[in-house]
Amino acid sequence: EFDKALALRTFALPWSLAAFLDMTQYLGTTLLVVLAASVVATEYGWGTVRQALIRGQTRSQYLTTKLLGITVIGSVGFLLAFAFGLGFSAVATALAGQPITLDVPSGPSVPAVALMALRAAYGILPYALLAFCISVVGRSTTAGVAGALIYYVILEPIVLGILGGVGGAAADARAFFMGHNVSALLTAIAVAPSSLQFN
């Protein structure tokens with residue numbers, strides 16, 4: 001049987017914000033890890049890093065420029081994904097006969113939605129920096145991408161699950177892992193479903 005409340009919470013504004021921001025954070029992390037690792041390590045393979053340093057650019061200036069470039073590209077990509085998500089959710093909301101709004105009783109306002117988006121974007125940052133660091137130290141795109149993705153997708157969830165299952169001081173140790181803190185940050189991206197209204 002079709003569950004209208006579930007469909008609205010999944011696809012209609014403003015309740016869809018949490019779902020598509022969570023998906024944007026997950027996919028954005030994967031894509032930005034690949035970008036961050038390849039931007040630096042590919043230059044090592046091409047031999048262009050040495051040419052840039054010979055011309056008087058310091059290593060710190062070179063790496064800062066690369067980080068700024070990754071930040072700009074990642075920010076533009078995130079904003080485009082956010083805009084597409086809003087657009088598709090607006091269409092779904094209109095088809096459901098619901099008012100298109102970012103405001104719900106005791107829910108987010110427009111500034112709060114911007115804060116939700118910033119939280120999701122900030123959740124991408126640690127893993128992109130990890131990939132950047134590994135690729136700089138290892139001078140390899142493969143090392144950067146594989147190292148960061150294995151940590152993000154496989155290793156960290158397993159370790160956090162084990163620590164949470166053990167409990168006590170081990171569970172408290174999860175606070176030292178990126179994933180636990182990112183999850184806590186993403187938990188704040190929520191819209192209370194109690195304000196659902198049906199036509």
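Above this text you will find the structure in question.
Each chain carries its own residue numbering, running from 1 in the written order of its sequence. Two thresholds apply to this predicted model, a pLDDT of at least 70 for residue-level local features and 80 or more for giving and counting side-chain atom pairs, whereas whole-chain, interface and lining totals are computed over all residues. Heavy atoms throughout the structure, all of them, feed into the side-chain values; hydrogens and water do not.

Caption draft 1: Spatial organisation of the overall build of the protein. Every helix listed is a DSSP run of H or I at least four residues long, and every strand listed is a run of E at least two residues long, numbered separately from the N terminus. Looking only at helices and strands, the protein features nine helices and zero strands. Residues are treated as being in contact if the distance between any of their heavy atoms lies within 4.5 Å. Here the contacts in the protein between residues at least 6 apart in sequence split such that 75% fall between residues at least 24 apart.

Caption draft 2: Up close: the layout of surface pockets. When its volume is computed, the largest pocket comes out at roughly 590 Å³. Only protein atoms enter the 1 Å grid used here, on which a cavity is any set of points holding a 1.4 Å probe that cannot leave and a pocket is any open set flanked by protein within 12 Å on both sides along at least five of seven lines; residues with an atom within 4 Å of a point are listed as lining. Forming the boundary of the largest pocket are 25 residues, of which L32, G74, S75, F78 and I124 lie nearest the centre. Listing elements by their share of the lining of the largest pocket, those giving two or more residues are α2 (16-46), α4 (59-95), α5 (110-122) and α6 (125-138). Of the residues assigned to the lining of the largest pocket, the class counts are 19 nonpolar, six polar and no charged. Grid points are joined across faces, edges and corners, and a volume is the space filled by probe spheres set on the points. Here the second largest pocket defines a volume of roughly 250 Å³. Surrounding the second largest pocket, 14 residues form its lining, A19, F20, M23, G85 and S89 being those nearest its centre. Elements that contribute at least two residues to the lining of the second largest pocket include exactly α1 (4-11), α2 and α4. Think of it as three bins: nonpolar holds Ala, Val, Leu, Ile, Met, Phe, Trp, Tyr, Cys and Pro, charged holds Asp, Glu, Lys and Arg, and polar takes everything else, Gly as well.

Caption draft 3: Representation of the packing of α6 against helix α7 (residues 141-166). Working convention: axes come from line fits to C-alpha atoms, limited for helices to the stretch in contact. Angles between N-to-C directions cover 0 to 180 degrees. Running from N to C, α6 and α7 point in directions that differ by 140°, and their axes come no closer than 7 Å. Taken as axis vectors, α6 and α7 run oblique relative to one another. Handedness of the α6/α7 crossing: right-handed. Residues Y127, L130, A131, I134 and S135 of α6 form the contact with α7, whose own contacting residues are A143, G144, G147, A148, Y151, Y152 and E156. Grouping the constituent residues of the contact of α6 with α7 by class yields eight nonpolar, three polar and one charged. Roughly parallel here means an angle under 35 degrees, roughly antiparallel means over 145, roughly perpendicular means 65 to 115, and every remaining angle is called oblique. Crossing handedness follows the turn of the near helix against the far one: under a right angle anticlockwise gives a left-handed crossing, and clockwise gives a right-handed one.

Caption draft 4: The packing of aromatic side chains, seen in detail. Two rings belonging to Phe, Tyr or Trp (six-membered ring only in the last case) form a pair when the distance between their centres is within 6.5 Å. Interplanar angles under 30 degrees mark stacking, angles over 60 mark edge-to-face geometry, and anything in between is tilted. Evaluated as defined, the whole model comprises four aromatic pairs. Note on F20 and F82: the rings are 5.8 Å apart at their centroids and 50° apart in plane angle, and the pair reads as tilted. Of this pair, F20 sits in helix α2 while F82 is found in helix α4, placing the two residues 62 residues apart along the sequence. For the pair formed by F20 and F82, the shared burial category is buried. Between Y127 and Y152 the ring centres are 4.4 Å apart and the planes differ by 50°, which places this aromatic pair in the tilted class. Separated by 25 residues along the polypeptide, Y127 in helix α6 and Y152 in helix α7 bring together distant segments of the chain. Partly exposed describes any residue whose relative accessible area lies between the buried limit of under 20% and the exposed limit of over 50%, with all areas from a 1.4 Å probe on protein chains only and scaled to the type maximum.

Caption draft 5: Main features of a nonpolar patch on the surface. A cluster of nonpolar side chains, namely M23, Y26, L27, I150, V153, I154, L155, I158, I162 and V166, defines an oily patch on the protein surface of about 960 Å² accessible area. Elements supplying a minimum of two residues to the nonpolar patch: α2 and α7. The element that contributes the greatest number of residues to the nonpolar patch is α7, accounting for seven residues. Assignment of secondary structure puts I150 in helix α7. A relative accessible area of 46% means that I150 is categorised as partly exposed. Nonpolar side chains (Val, Leu, Ile, Met, Phe, Trp, Tyr) within 5 Å and like charges within 9 Å form the patches, drawn only from residues with over 30% relative accessible area and no salt bridge. Each accessible area is a Shrake-Rupley result for a 1.4 Å probe, and residues are judged covered by the shown protein chains and nothing else. Salt bridges are defined as contacts in which a side-chain nitrogen from Lys or Arg sits within 4 Å of a carboxyl oxygen from Asp or Glu.

Caption draft 6: Region of interest: the nonpolar core. The nonpolar core is taken to be a set of buried Ala, Val, Leu, Ile, Met, Phe, Trp, Tyr and Cys residues, with the residues joined through side-chain atoms within 4.5 Å. The biggest cluster of nonpolar side chains holds 34 residues, and the ones touching the most others in it are L17, L21, F82 and I189. Elements with a contribution of two residues or more to this core: α2, α4, α5, α6, α7 and α9 (178-187). Broken down by element, the residue count for this core peaks at nine residues, all from α2.

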